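# Per-entry structural report
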Amino acid sequence: DVQLVESGGGSVQAGESLRLSCAGTGISLRSAFCVGWFRQTPGQEREGVASIRPAGATTAYASSVKGRFTVARDNARNTLYLQLNSLKTEDTARYYCATYGDSWSEYKYWGQGTQVTVS
């Protein structure tokens, strides 16, 4: 079975940092067309936070987090990371990792999410 398991969330004060991890099982994050992080709060649409895209091996970030968050992938551990620095209260959300898997057109597999609360 394919599983993505996020960890590292928690409650912190504004200005502090967190490091989120997404461990993949039954699927290669290295081979996926795209891998990324999303976040969602109640009553709002899910938004993309950061991703690693295939063409040019580029990374992309939402404007609201650019310069503060960093996405990275450890191929040996089959794990995706998201470093969250200088956290703001508006960063409060449930964070999900996702991967295209073998799809060429969409994020097919999703984790259960990990909560980040900034006060």
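Above: the structure in question.
This report concerns the structure included in the present document. (Residues numbered from 1 in each chain as written. Predicted model: local features only at pLDDT ≥ 70, side-chain atom pairs only at ≥ 80, totals over all residues. Heavy atoms only, no water.)

### Here's the deal with the pattern of salt bridges
Here is the rule we go by: A carboxyl oxygen of Asp or Glu within 4 Å of a side-chain nitrogen of Lys or Arg is what we treat as a salt bridge. With a 1.4 Å probe rolled over the protein chains alone, any residue whose accessible area is under 20% of its type maximum counts as buried; one over 50% counts as exposed, and the rest are partly exposed.
On inspection of all chains with the given rule, the structure shows five salt bridges. K108 is the salt-bridge partner of D102, the closest N and O atoms lying 3.7 Å from each other. Assessed through its relative accessible area of 58%, D102 is described here as exposed. Judged by relative accessible area, K108 falls into the partly exposed class, the value being 43%. Here the salt bridges share partners, and the residues they tie into one network are R39, E47, R68 and D91.

### Here we look at the state of the cysteines
The term disulfide refers to a covalent linkage connecting the sulfur atoms of a pair of cysteines. The cut-off we apply is this: When two cysteine sulfur atoms are found within 2.5 Å, that pair is recorded as a disulfide. Under the DSSP-based scheme used, a helix requires at least four consecutive residues in state H or I and a strand at least two consecutive residues in state E, with every element numbered from the N terminus.
Scanning the model with the defined rule gives one disulfide in all. At a sulfur-sulfur separation of 1.9 Å, the disulfide partner of C22 is C97. Negative torsions about the S-S bond denote left-handed disulfides, and the value of about 55° found for C22 with C97 makes this one right-handed. Taken together, the positions of C22 in strand β3 (residues 18-25) and C97 in strand β9 (residues 93-99) put the pair 75 residues apart, joining distant regions of the chain. C22 sits in the buried class, given a relative accessible area of 2%. For C97, a relative accessible area of 0% gives the class buried.

### Overview of the packing of aromatic side chains
The cut-off we apply is this: Think of it this way: a Phe, Tyr or Trp ring, Trp meaning its six-membered ring, pairs with another when their centres are within 6.5 Å, and the plane angle makes it stacked under 30 degrees, edge-to-face over 60, tilted otherwise. Sitting over a ring, as applied to charges here, requires NZ of Lys or CZ of Arg to be within 6 Å of the ring centre and within 35 degrees of the ring normal.
Counted under the stated rule, the structure contains six aromatic pairs. Pairwise contacts between aromatic rings join F33, F38, Y100, W104, Y107 and W110 into one cluster. Between R19 and the ring centre of Y81, over which it is positioned, the NZ or CZ distance is 4.1 Å. A cation over a ring is seen here: R46 above W110, with NZ or CZ 4.0 Å from the ring centre.

### A word on unusual backbone geometry
The phi angle at N78 is positive, at roughly 50°, despite the residue not being glycine. Tracing the backbone shows N78 in the loop between β7 (69-74) and β8 (79-84).

### Let's talk about the nonpolar core
What counts here: Buried Ala, Val, Leu, Ile, Met, Phe, Trp, Tyr and Cys residues that are joined via side-chain atoms within 4.5 Å together make up what is termed a nonpolar core.
Ranked by size, the top nonpolar core spans 26 residues in total, and within it W37, V49, F69, L80, L82 and Y95 carry the most contacts. Counting residues per element, the ones that place at least two in this core are β3, β4 (35-40), β5 (47-53), β7, β8, β9 and β11 (114-118).

### Regarding the sheet that holds β7
The cut-off we apply is this: We call two strands paired when DSSP finds no fewer than two bridges between them. To get an axis, a line is fitted to the C-alpha atoms, and for a helix only the part in contact is used. The angle between two axes follows their N-to-C directions and goes from 0 to 180 degrees.
With antiparallel pairing, four strands are arranged side by side in an open sheet as β1-β3-β8-β7. Two strands bound the open sheet, and with one partner strand each, they are β1 (3-7) and β7. Going from strand to strand, the sheet's axes swing by 15° on average, the running direction of each strand aside. Sheet topology note: the β7/β8 ladder contains six bridges and is antiparallel. When the bridges of β8 are listed, T70 appears paired with Q83.

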